[in-house]
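Here is what each chain is made of, one letter per residue.
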Amino acid sequence: MKPFTTSVSRVGVTHRLRIATALGTTFALLILSGVAAAPAAAQTAPGLGTATSFAILAGSTITNTGSSTINGDLGLSPGSAVTGFPPGVVTGTSYVADTQATAAQGALTTAYQAAASQTPSTPVTADLGGQTLVPGVYASSSSLGLTGTLTLNFEGDPNAVFVFQAGSTLTTASDSHVVLENDPAAPNACNVFWQVGSSATLGAGSTFEGTVLASDSVTAVTGAVVYGRLLASTGAVTLDDNTVTVPTCTSTAPPPPKPAASTQIVTAPSSSSITLGSSVTDVATVSGNAAAGTPMGSVQFYSCGPGATSCTSSSGMALTPPEPLVGGVATSPSFTPGAVGTYCFAAVFNPTGSAYAGVSETGSTLNGECLTVTAAAPPPPPPAASTQIVTAPSSTSITLGSSVTDVATVAGNAAAGTPMGSVQFYSCGPGATSCTSSSGMALTPAEPLVGGVATSPSFTPGAVGTYCFAAVFNPTGSAYAGVSETGSTLNGECLTVTAAAPKPPAPKPPAPKPPAPKPPAPPTVVPATHTGEPWAGSTYWLLVGLTGIAGLGLATNRIYRRRANGRIGS
């Protein structure tokens, strides 16, 4: 066909388009008329390379709680801390901080970038619950969540691919579900990818389909079941009673359908090693087909041993009675092995109703369903020489004339009970820096132990200086050995005796008070008899009063005479 030319004039400008074919002409006309062709779906499955076989892959740590089952490989790089296995079980191979784990992390980085770069994408709401989506690329600039059920319709195409892009987090609610329909590969969860900008959290009791490619970490909450992979680039993967199964990616031999046959029972003994005479239980957890709700029914447990490396219901001894499931978990009757050796458990789940299928667990040393029973070796009795005696004086410094005692405590060989016997104490000094039973003076009598303690007789040193104690324990019976304590200044068994401080002088009595001044003497009456006077023969009283003033004496005399009536007058 010859090329032809058409001219279009717009605002005075002539556009000349040369189109090679009639189809090209039509396409050109569509462009000029403002109609654009819809882009074709471009989603492709990101290649996982060496990470394909990994059900769990983390960068920093892998932590498990409970009886998780990992159906696939487990890898960690560059971290090296993996905890919780057992009781967790890995049916594949564990690669920790080695070349395989490092290579798988490199493949994860490539797959993450391939999933994140796919366009065009269809914007979706933050919560995918209640939606039915067809193959394509779905994106949220921030977080993605799932409450309830998300249905992925493969439209009969075994090669259909779903890619979900979460700008930050992916969070699914408890008891949420991802359901695949119209999938001729039934199911083909290996073609479902979740690229997560930071971290993913899968809710308790949820079922999830697809491979999580997380930039940071992944957490599976209690009882979550994953048909796919949990791959974390830099952070941790945290598990709690989960089942993670790498899907079988093939269009020619699809894996079997999930319903009744998907029921799983995982058992774990309460201890992997006990001593003869101890007891153990087996704990069974039933899961799978979570859309039907919590499984109901009972579990019949069996034990095999000693000398077992595996156990089935036909080879084992039934531990009666069958135990009912409570919240999907049943615990066996207590089992006490009768001999040393290896014992294994088996369990059979008998469901109530048809939502779950009956299923059995074959215990073996490979899946951690066995334990070792060892002889309970009695602890060897402590040697007699382990008996110890420690003494301590009641004071480390006293004054001359004071008394002191020494206190001895006997210990060691505690399995034999409280020690019984007596302690002989000795003292050395003054001027001692150590003391033994041969160099010291015995403080009699020997004192009996009471509750493992004895106190010496009271000891009053006779001089100032340093005194030390020694003690010898004489046991009653053979549970404890006789033992002595050599006192020294190094082990605190000595004391210092100092002179008593002189008594302070008695306080002087207070000075006597000066005597109070005597009152003046009362007048003195002196009888007088004068002769040669007119009144000679009469009796008079002479009153003499003396007063001294500045060296001068004044005498005043009064003469009293007796009156005729016998009264004294003046």
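See the structure above.
A brief report on the enclosed structure follows. These numbers were taken from a predicted model, which means no experiment stands behind them. Numbers given for residues are sequential positions, taken from 1 along each chain in its written order. Totals for whole chains, interfaces and linings use every residue, but because this is a predicted model, local features are given only for residues with pLDDT of at least 70 and side-chain atom pairs only at 80 or more, for both listing and counting. Excluded from the side-chain calculations are hydrogens and water; all other atoms, namely the structure's heavy atoms, are used.

Bringing the overall build of the chain into the picture now. Starting at the N terminus, helices and strands are each numbered in turn, a helix being any DSSP run of H or I of at least four residues and a strand any DSSP run of E of at least two. Looking only at helices and strands, the chain has two helices and 50 strands in total. For each residue, the accessible area found with a 1.4 Å probe, counting protein chains only, is set against the maximum for its type, and the residue is called buried under 20%, exposed over 50%, and partly exposed in between. For the chain, buried positions account for 38% of its 570 residues. Whether two residues are in contact is decided by their heavy atoms, any of which lying within 4.5 Å being enough. Put simply, 58% of the contacts in the chain that link residues at least 6 apart link residues at least 24 apart. Accessible surface computed for the chain: about 28,900 Å², of which carbon and sulfur atoms make up 60%. Accessibility throughout is a Shrake-Rupley quantity obtained with a 1.4 Å probe, and a residue counts as covered only by protein chains that appear here.

Turning to its location among the elements, Asp127 is positioned in the loop between β10 (122–123) and β11 (132–133). The exposure class assigned to Asp127 is partly exposed, which follows from its relative accessible area of 33%. Sequence spacing of Asp127 and Leu146 is 19 residues, and the spatial spacing of their C-alpha atoms is 5.1 Å. Residues within four places of Asp127 in sequence aside, it is in contact with Gly145, Leu146 and Thr147. Throughout this description, a polar contact denotes any pair of N or O atoms lying within 3.5 Å of each other; where both atoms belong to protein, one of them has to be capable of donating a hydrogen while the other can accept it, and for residues adjacent in sequence the pair is counted only when both atoms sit in side chains. At 3.0 Å, the side chain of Asp127 and the side chain of Thr147 are in polar contact.

Looking now at the environment of Gly136. Tracing the chain through its elements places Gly136 in strand β12 (residues 136–140). Residue classification places Gly136 among the buried positions, given a relative accessible area of 8%. Sequence spacing of Gly136 and Gln43 is 93 residues, and the spatial spacing of their C-alpha atoms is 5.8 Å.

Turning our attention to the state of the cysteines. Put simply, a disulfide is two cysteine sulfurs that come within 2.5 Å. As enumerated under the stated definition, the model contains four disulfides in all. Residue pairing for Cys428: its cysteine sulfur links by disulfide to Cys435, the two sulfurs lying 2.1 Å apart. Disulfide Cys428-Cys435: torsion about the S-S bond near 65 degrees, hence right-handed. We note that Cys428, like Cys435, is buried. The disulfide partner of Cys468 is Cys494, and the gap between their sulfur atoms is 1.9 Å. Residues Cys468 and Cys494 are joined through a disulfide that is right-handed, its torsion about the S-S bond being 100 degrees. Of this pair, Cys468 sits in strand β43 (residues 465–475) while Cys494 sits in strand β46 (residues 494–498), placing them 26 residues apart in sequence.

Here is the key point about a regular strand: its side chains alternate between the two faces of the sheet. Covered by surrounding structure in strand β4 (residues 61–65) are Ile62 and Asn64 only, the residues Thr61, Thr63 and Thr65 on the alternate face being uncovered. Note: two strands are recorded as paired if DSSP finds a minimum of 2 bridges between them. As paired strands, β4 and strand β7 (residues 81–83) are joined by three bridges and run parallel to one another. Note that in β7 the partner of Ile62 across the bridge is Val82. Judged from the four bridges that link them, β4 and strand β23 (residues 237–240) form a sheet pairing that is parallel. Across the sheet, Asn64 pairs through a bridge with Leu239, a residue of β23.

Given two aromatic rings, their pairing is described by the distance between the two centres and the angle made by the two planes. Here the aromatic set is Phe, Tyr and Trp, taking the six-membered ring for Trp, and pairing holds for ring centres within 6.5 Å; pairs whose planes are under 30 degrees apart are stacked, those over 60 apart are edge-to-face, and all others are tilted. Within this structure, the stated rule accounts for nine aromatic pairs. Their ring planes at 65 degrees and their centres at 5.7 Å tell us that Phe459 and Tyr467 sit as a pair that is edge-to-face. We classify Phe459 as buried; its relative accessible area is 9%. Note on Tyr467: relative accessible area 4%, which makes it buried.

Between its terminal C-alpha atoms helix α2 (residues 99–116) stretches 26 Å, which fits the 26 Å expected from 18 residues at 1.5 Å a residue. Taken together, the buried positions of α2 are Ala101, Ala104, Gln105, Ala107, Leu108, Ala111 and Ala115. The buried residues of α2 occupy an angular sector of 165 degrees when projected down its axis, which confines them to one face. Set apart from the buried face of α2 by more than 90 degrees, the exposed residues are Thr99 and Gln113. How far a helix is expected to stretch is found by multiplying one less than its residue total by 1.5 Å. The arc in question is traced by the directions running from the helix axis to the C-beta atoms.

Structurally, Glu361 is set in strand β33 (residues 359–361). Residue classification places Glu361 among the buried residues on the basis of a relative accessible area of 13%. Sequence-distant contacts of Glu361, defined by excluding residues within four places in its chain, comprise Ile265, Val266, Thr267, Ala346, Ala347, Asn367 and Glu369.

Residue Phe85 is joined to Pro86 through a cis peptide bond whose omega torsion reads -5 degrees. Topologically, Pro86 is positioned in the loop between β7 and β8 (89–90). Cis rather than trans, the peptide bond between Thr444 and Pro445 has omega equal to 0 degrees. The residue Pro445 is located in strand β41 (residues 441–448) in this model. Phi is positive for Asp175, which is not a glycine, with a value near 60 degrees. Inspection of the secondary structure assignment puts Asp175 in the loop between β16 (170–172) and β17 (177–181). A residue is classified by how much of its surface remains accessible, and Asp175, at 52% relative accessible area, is exposed. One non-glycine residue, Asp241, lies in the positive phi region at around 55 degrees. Along the polypeptide, Asp241 turns up in the loop between β23 and β24 (243–245).

Read from one edge of the open sheet, three strands run β25-β27-β31, paired in antiparallel fashion. Two strands close off the open sheet at either side, each with one partner strand: β25 (264–269) and β31 (329–331). Pairwise comparison of adjacent strand axes, ignoring direction, gives a mean angle of 20 degrees for this sheet. Bridge analysis of strand β27 (residues 282–287) against β31 gives three bridges, and the strand direction is antiparallel. Looking at the pairing, Ala284 lines up with Ala330 of β31. Every angle, taken between N-to-C directions, lies between 0 and 180 degrees, and every axis is a line fitted to C-alpha atoms, over only the stretch in contact when it is a helix.

Moving on, we come to the nonpolar core. Residue types Ala, Val, Leu, Ile, Met, Phe, Trp, Tyr and Cys, when buried and joined through side-chain atoms within 4.5 Å, form a set referred to as a nonpolar core. Ile56, Leu152, Phe164, Trp194 and Leu230 are the most contacted members of the largest nonpolar core, which totals 42 residues. Beyond its immediate chain neighbours, meaning those up to four positions away, Leu230 contacts Ala55, Ile56, Leu57, Leu202, Val212, Val218, Ala220, Val237, Leu239 and Val244.

Strand order across the open sheet formed by three strands is β36-β38-β42, with antiparallel pairing between neighbours. Among the strands making up the open sheet, the edge pair consists of β36 (388–393) and β42 (453–455). Each strand axis lies, on average, 20 degrees off the axis of its neighbour in the sheet, ignoring direction. Pairing geometry for β36 and strand β38 (residues 406–411), over six bridges, is antiparallel. By the bridge assignment, Gln388 is partnered in β38 with Ala411.

Keep in mind these numbers describe shape, not what the thing actually does.
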